[in-house]
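# Tertiary structure, described
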Amino acid sequence: MSTASISRPALVPAPNSSAKLLTTARHGATIGFIGAAVWFLFGLESILRPDQWNARDTIWFVPFAFTVLTFIYMHRVQQPARNAVERYTFYALMIGSALVALGNTGLTLNNPTLSKLGFPTGAIIWIVGMLLYGIGILRAKVLPKYAGWALILFEPGSILTGLALSPIAPLHERGGYSAGVEKGLAVFFMAWGMRALCCRR
(Lines give C-alpha, C1' and ligand atoms only; values in the text may rest on other atoms or scores of the structure.)
Protein backbone atom coordinates (compact mmCIF):
# COMPACT_ATOMS: atom_id res chain seq x y z
CA MET A 1 0.00 0.00 0.00
CA SER A 2 1.43 3.34 -1.00
CA THR A 3 1.69 6.18 1.43
CA ALA A 4 -0.52 8.25 -0.84
CA SER A 5 -3.43 5.91 -0.16
CA ILE A 6 -3.18 6.25 3.59
CA SER A 7 -6.01 8.46 4.76
CA ARG A 8 -4.98 11.41 6.85
CA PRO A 9 -6.75 12.21 10.10
CA ALA A 10 -9.31 14.96 9.83
CA LEU A 11 -8.31 18.23 11.45
CA VAL A 12 -10.31 19.08 14.54
CA PRO A 13 -11.79 22.54 14.08
CA ALA A 14 -10.68 25.17 16.56
CA PRO A 15 -13.27 26.58 18.96
CA ASN A 16 -15.30 29.40 17.52
CA SER A 17 -13.28 32.33 18.82
CA SER A 18 -15.75 34.81 17.34
CA ALA A 19 -18.60 33.33 19.38
CA LYS A 20 -16.43 33.46 22.50
CA LEU A 21 -15.63 37.12 21.91
CA LEU A 22 -19.30 37.94 21.46
CA THR A 23 -20.13 36.17 24.72
CA THR A 24 -17.33 38.08 26.44
CA ALA A 25 -18.64 41.36 24.99
CA ARG A 26 -22.17 40.61 26.24
CA HIS A 27 -20.92 39.84 29.74
CA GLY A 28 -18.73 42.93 29.71
CA ALA A 29 -21.63 45.11 28.61
CA THR A 30 -23.78 43.78 31.46
CA ILE A 31 -21.04 44.45 34.00
CA GLY A 32 -20.53 47.92 32.58
CA PHE A 33 -24.22 48.85 32.64
CA ILE A 34 -24.44 47.79 36.29
CA GLY A 35 -21.35 49.82 37.10
CA ALA A 36 -22.73 52.85 35.25
CA ALA A 37 -26.00 52.68 37.19
CA VAL A 38 -24.20 52.34 40.54
CA TRP A 39 -21.89 55.26 39.75
CA PHE A 40 -24.82 57.45 38.69
CA LEU A 41 -26.84 56.69 41.82
CA PHE A 42 -23.74 57.16 43.95
CA GLY A 43 -23.11 60.58 42.43
CA LEU A 44 -26.77 61.58 42.59
CA GLU A 45 -26.88 60.74 46.29
CA SER A 46 -23.86 63.01 46.88
CA ILE A 47 -25.63 65.82 45.03
CA LEU A 48 -28.91 65.44 46.89
CA ARG A 49 -27.09 65.10 50.23
CA PRO A 50 -24.04 67.31 49.70
CA ASP A 51 -22.69 67.08 53.23
CA GLN A 52 -19.43 65.23 53.79
CA TRP A 53 -20.12 61.60 54.69
CA ASN A 54 -16.96 59.55 55.08
CA ALA A 55 -18.84 56.26 54.75
CA ARG A 56 -19.01 57.01 51.03
CA ASP A 57 -15.28 56.26 50.86
CA THR A 58 -16.13 52.64 51.66
CA ILE A 59 -19.18 52.48 49.38
CA TRP A 60 -16.92 53.80 46.58
CA PHE A 61 -15.36 50.35 46.24
CA VAL A 62 -18.60 48.98 44.73
CA PRO A 63 -18.75 51.14 41.57
CA PHE A 64 -14.96 51.11 41.35
CA ALA A 65 -14.90 47.30 41.24
CA PHE A 66 -17.47 47.23 38.42
CA THR A 67 -15.40 49.83 36.55
CA VAL A 68 -12.20 47.79 36.77
CA LEU A 69 -14.09 44.71 35.60
CA THR A 70 -15.36 46.75 32.64
CA PHE A 71 -11.75 47.64 31.78
CA ILE A 72 -10.81 43.95 31.93
CA TYR A 73 -13.65 42.94 29.62
CA MET A 74 -12.72 45.69 27.16
CA HIS A 75 -9.20 44.27 27.12
CA ARG A 76 -10.52 40.76 26.49
CA VAL A 77 -12.78 41.71 23.57
CA GLN A 78 -9.83 43.36 21.82
CA GLN A 79 -7.93 40.08 21.68
CA PRO A 80 -7.96 39.92 17.84
CA ALA A 81 -6.15 43.27 17.63
CA ARG A 82 -4.00 42.88 20.75
CA ASN A 83 -0.39 44.02 20.48
CA ALA A 84 2.44 45.03 22.81
CA VAL A 85 1.22 48.62 23.15
CA GLU A 86 -2.31 47.53 24.03
CA ARG A 87 -1.02 44.96 26.49
CA TYR A 88 1.43 47.23 28.33
CA THR A 89 -0.95 50.20 28.55
CA PHE A 90 -3.57 47.84 29.98
CA TYR A 91 -1.06 46.64 32.58
CA ALA A 92 -0.31 50.26 33.49
CA LEU A 93 -4.04 50.90 33.92
CA MET A 94 -4.38 47.85 36.18
CA ILE A 95 -1.39 48.94 38.29
CA GLY A 96 -2.90 52.41 38.62
CA SER A 97 -6.25 50.89 39.58
CA ALA A 98 -4.62 48.75 42.27
CA LEU A 99 -2.75 51.74 43.71
CA VAL A 100 -5.91 53.87 43.75
CA ALA A 101 -7.77 51.07 45.54
CA LEU A 102 -4.96 50.77 48.11
CA GLY A 103 -4.95 54.53 48.57
CA ASN A 104 -8.67 54.61 49.22
CA THR A 105 -8.26 51.71 51.64
CA GLY A 106 -5.72 53.81 53.51
CA LEU A 107 -8.17 56.70 53.53
CA THR A 108 -10.94 54.61 55.08
CA LEU A 109 -8.55 53.05 57.63
CA ASN A 110 -6.79 56.34 58.39
CA ASN A 111 -3.51 54.78 57.28
CA PRO A 112 -1.23 57.52 55.83
CA THR A 113 1.18 55.01 54.29
CA LEU A 114 -1.51 53.38 52.16
CA SER A 115 -3.12 56.74 51.41
CA LYS A 116 0.11 57.95 49.78
CA LEU A 117 -0.04 55.02 47.35
CA GLY A 118 -3.31 56.37 45.99
CA PHE A 119 -2.23 60.00 45.73
CA PRO A 120 -0.27 61.23 43.96
CA THR A 121 1.46 58.10 42.60
CA GLY A 122 -1.62 55.97 41.99
CA ALA A 123 -3.69 58.86 40.65
CA ILE A 124 -1.03 59.79 38.10
CA ILE A 125 -0.58 56.20 36.86
CA TRP A 126 -4.37 55.78 36.82
CA ILE A 127 -4.97 58.89 34.69
CA VAL A 128 -2.04 58.25 32.33
CA GLY A 129 -3.05 54.58 32.04
CA MET A 130 -6.59 55.50 31.02
CA LEU A 131 -5.30 58.06 28.52
CA LEU A 132 -2.87 55.64 26.88
CA TYR A 133 -5.24 52.69 26.94
CA GLY A 134 -8.02 54.85 25.51
CA ILE A 135 -5.71 55.75 22.64
CA GLY A 136 -4.98 52.04 22.26
CA ILE A 137 -8.71 51.36 21.91
CA LEU A 138 -9.00 54.03 19.22
CA ARG A 139 -6.08 52.50 17.30
CA ALA A 140 -7.27 48.91 17.65
CA LYS A 141 -10.62 49.79 16.02
CA VAL A 142 -12.37 46.81 17.61
CA LEU A 143 -14.71 48.83 19.81
CA PRO A 144 -16.50 52.00 18.66
CA LYS A 145 -14.47 55.19 19.02
CA TYR A 146 -16.74 56.58 21.72
CA ALA A 147 -15.68 53.74 24.04
CA GLY A 148 -12.07 54.90 23.77
CA TRP A 149 -12.99 58.55 24.25
CA ALA A 150 -15.10 57.66 27.28
CA LEU A 151 -12.01 56.09 28.84
CA ILE A 152 -9.76 59.02 27.91
CA LEU A 153 -12.19 61.59 29.36
CA PHE A 154 -13.17 59.51 32.40
CA GLU A 155 -11.05 61.38 34.95
CA PRO A 156 -10.76 64.85 33.32
CA GLY A 157 -14.54 64.86 32.88
CA SER A 158 -14.96 63.84 36.51
CA ILE A 159 -12.85 66.78 37.70
CA LEU A 160 -14.77 69.26 35.53
CA THR A 161 -18.11 67.81 36.66
CA GLY A 162 -17.14 68.15 40.31
CA LEU A 163 -16.17 71.78 39.76
CA ALA A 164 -19.35 72.53 37.79
CA LEU A 165 -21.54 71.02 40.53
CA SER A 166 -19.64 72.65 43.40
CA PRO A 167 -22.21 75.47 43.87
CA ILE A 168 -24.85 72.89 44.84
CA ALA A 169 -22.57 70.06 46.00
CA PRO A 170 -19.47 71.60 47.65
CA LEU A 171 -16.16 69.83 47.17
CA HIS A 172 -14.76 67.97 50.18
CA GLU A 173 -11.37 66.40 50.83
CA ARG A 174 -13.20 63.09 51.27
CA GLY A 175 -16.70 61.68 51.56
CA GLY A 176 -18.20 63.46 48.54
CA TYR A 177 -18.66 61.96 45.07
CA SER A 178 -20.93 64.24 43.07
CA ALA A 179 -18.75 63.57 39.99
CA GLY A 180 -19.98 59.98 40.11
CA VAL A 181 -22.72 61.01 37.67
CA GLU A 182 -20.06 61.69 35.02
CA LYS A 183 -18.23 58.47 35.79
CA GLY A 184 -21.51 56.62 35.35
CA LEU A 185 -22.00 58.21 31.94
CA ALA A 186 -18.44 57.30 30.89
CA VAL A 187 -18.81 53.67 31.97
CA PHE A 188 -22.17 53.55 30.19
CA PHE A 189 -20.50 54.43 26.87
CA MET A 190 -17.82 51.79 27.44
CA ALA A 191 -20.56 49.22 28.10
CA TRP A 192 -22.56 50.41 25.09
CA GLY A 193 -19.46 49.99 22.95
CA MET A 194 -19.23 46.33 23.94
CA ARG A 195 -22.96 45.88 23.33
CA ALA A 196 -22.58 47.48 19.89
CA LEU A 197 -19.87 44.93 19.15
CA CYS A 198 -22.39 42.15 19.80
CA CYS A 199 -25.04 43.73 17.59
CA ARG A 200 -22.88 44.29 14.53
CA ARG A 201 -21.43 40.75 14.39
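Residues numbered from 1 in each chain as written. Predicted model: local features only at pLDDT ≥ 70, side-chain atom pairs only at ≥ 80, totals over all residues. Heavy atoms only, no water.

### Remarks on the packing of helix H3 (residues 61–77) against helix H5 (residues 112–140)
For the record, the criterion: For helices, the fitted axis covers only the stretch in contact; all axes are lines through C-alpha atoms, and the angles between them, taken along N-to-C directions, range from 0 to 180 degrees. Secondary structure is summarised from DSSP: a helix means a run of H or I of at least four residues, a strand means a run of E of at least two, and numbering begins at the N terminus for each. Handedness of a crossing follows from how the near helix is turned relative to the far one, being left-handed for an anticlockwise turn of less than a right angle and right-handed for a clockwise one. Note on contacts: a residue pair qualifies if any of its non-hydrogen atoms lie within 4.5 Å across the two residues. Note on residue categories: nonpolar means Ala, Val, Leu, Ile, Met, Phe, Trp, Tyr, Cys or Pro, charged means Asp, Glu, Lys or Arg, and polar means any other residue, Gly included.
It is at 12 Å that the axes of H3 and H5 come closest, and there the two elements cross at 35°. Remark: the crossing between H3 and H5 carries left-handed chirality. Where H3 abuts H5, its residues Phe64, Phe71, Met74 and His75 lie against Trp126, Met130, Tyr133 and Ile137. Its residues assigned to classes, the contact of H3 with H5 shows 7 nonpolar, 1 polar and no charged.

### Digging into the packing of H3 against helix H4 (residues 84–108)
Spelled out, the test is: Angles are sorted into four bins: roughly parallel if under 35 degrees, roughly antiparallel if over 145, roughly perpendicular if 65 to 115, and oblique for all others.
In the contact formed by H3 and H4, the axes pass within 11 Å of each other and the chain directions differ by 170°. Here H3 lies roughly antiparallel to H4, going by the angle between them. Facing Phe61, Phe64, Val68, Phe71, Ile72 and His75 of H3, the residues of H4 in contact are Glu86, Arg87, Phe90, Leu93, Met94, Ser97, Val100, Ala101, Asn104, Thr105 and Thr108. The class makeup of the residues in the contact of H3 with H4 is 10 nonpolar, 5 polar and 2 charged.

### With respect to a nonpolar patch on the surface
Rule in force here: Patches here are clusters of residues that have more than 30% relative accessible area and form no salt bridge, with a 9 Å joining cutoff for like charges and a 5 Å cutoff for nonpolar side chains (Val, Leu, Ile, Met, Phe, Trp, Tyr). Where accessible areas are quoted, they stem from the Shrake-Rupley method and a 1.4 Å probe; at the residue level, only the protein chains shown are allowed to cover. A carboxyl oxygen of Asp or Glu within 4 Å of a side-chain nitrogen of Lys or Arg is what we treat as a salt bridge.
Where nonpolar side chains cluster on the molecular surface, the patch consists of Ile124, Val128, Leu131, Leu132 and Ile135 and spans about 400 Å² of accessible area. Structurally, the position occupied by Ile124 is in helix H5.

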